[in-house]
Amino acid sequence: MATPRRGRRRLPPVQTGLAGRCPDCGEGRLFKSLLSFVDNCAACGADFTNEDTGDGPAVFVIFIVGIFIIPMALGFHMILNPPLAVTFILWGLIIIGVCLWLLRLMRGIMFNISWQRKAREVRAQDFKT
Ligand SMILES: [Zn+2]
């Protein structure tokens, strides 16, 4: 296994994040399932076990869905006037699918940005002198 090269190369974080690739080498897969990260990059061995994107991606997804998708659902119901159950079921499935898809993309992008900027969680020992 190769040694991690965190922060050495500057691959475009949006490009590697959208592709779901390692922020270091751009080759290894970043996700082991729909939303969870792999522990190590299979290509370069970068360690992702302590990395986390926090709640940031969810905030962006909420804003995007709230601004673009919810008005489309309301417009669909107001213009076509289907039974309310049809609107709920159809747009409920669409909204869940869009949220999961966007969440994966945003997690990949934010993870790659934080990796390249060497961001990490603040710990209590950081404040000790
Ligand atoms: Zn890698």
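Quick note: structure is the one above.
Below is a short write-up of the structure. (Residues numbered from 1 in each chain as written. Predicted model: local features only at pLDDT ≥ 70, side-chain atom pairs only at ≥ 80, totals over all residues. Heavy atoms only, no water.)

1. Here we look at the nonpolar core
A general feature of soluble globular proteins is that nonpolar side chains tend to end up buried together. Core analysis: the biggest nonpolar cluster contains twelve residues, these being C22, C25, L30, F31, F37, V38, C41, C44, A46, F48, F111 and W115. Filtering out sequence-adjacent residues up to four positions away, V38 remains in contact with R29, L30, F31, K32 and F48. Ranked by size, the runner-up nonpolar core spans eleven residues in total, among them V61, V65, A73 and L103. (Core = buried A, V, L, I, M, F, W, Y, C linked by side-chain atoms within 4.5 Å. Buried < 20%, exposed > 50% of the residue type's maximum accessible area, 1.4 Å probe, protein only. Contact = heavy atoms within 4.5 Å.)

2. Digging into the packing of aromatic side chains
For the coordinates displayed, the defined rule picks out six aromatic pairs. Between F48 and F111, the ring centres sit 5.2 Å apart and the planes meet at 90 degrees, which makes this aromatic pair edge-to-face. Note that F48 is positioned in the loop between α1 (13-19) and α2 (56-80) and F111 in helix α3 (residues 84-116), a separation of 63 residues in sequence. Looking at F48, the relative accessible area reads 2%, which means it is buried. By relative accessible area, F111 is classed as buried at 0%. Among the aromatic side chains, those forming a connected cluster through ring pairs are F31, F37, F48, F111 and W115. (Phe/Tyr/Trp six-rings, centres within 6.5 Å; stacked < 30°, edge-to-face > 60°. Helix = DSSP H or I, 4+ residues; strand = E, 2+ residues; numbered from the N terminus.)

3. Regarding the coordination of the zinc ion
Coordination of the zinc ion by the protein involves C22 (SG), C25 (SG), C41 (SG) and C44 (SG), with metal-donor separations of 2.2 to 2.3 Å. Judged by relative accessible area, C25 falls into the buried class, the value being 7%. (Donors = N, O, S within 2.8 Å, 3.2 Å for Na, K, Ca; no water.)

4. Notes on the environment of T87
Mapped onto the fold, T87 is located in helix α3. Linking T87 and S33, residues 54 residues apart in sequence, is a C-alpha distance of 30 Å. Side-chain polar atoms of T87 contact the side chain of H77, separated by 2.7 Å. (Polar contact = N/O pair within 3.5 Å; in protein donor to acceptor, adjacent residues only side chain to side chain.)

5. So, α3
In this model, α3 (33 residues) spans 47 Å end to end at C-alpha, consistent with the 48 Å of a helix rising 1.5 Å per residue. Two residues or fewer past α3, K118 is found with a positive phi of approximately 55 degrees. (Expected span 1.5 Å × (residues − 1).)

Worth remembering: the numbers are spatial, not functional.
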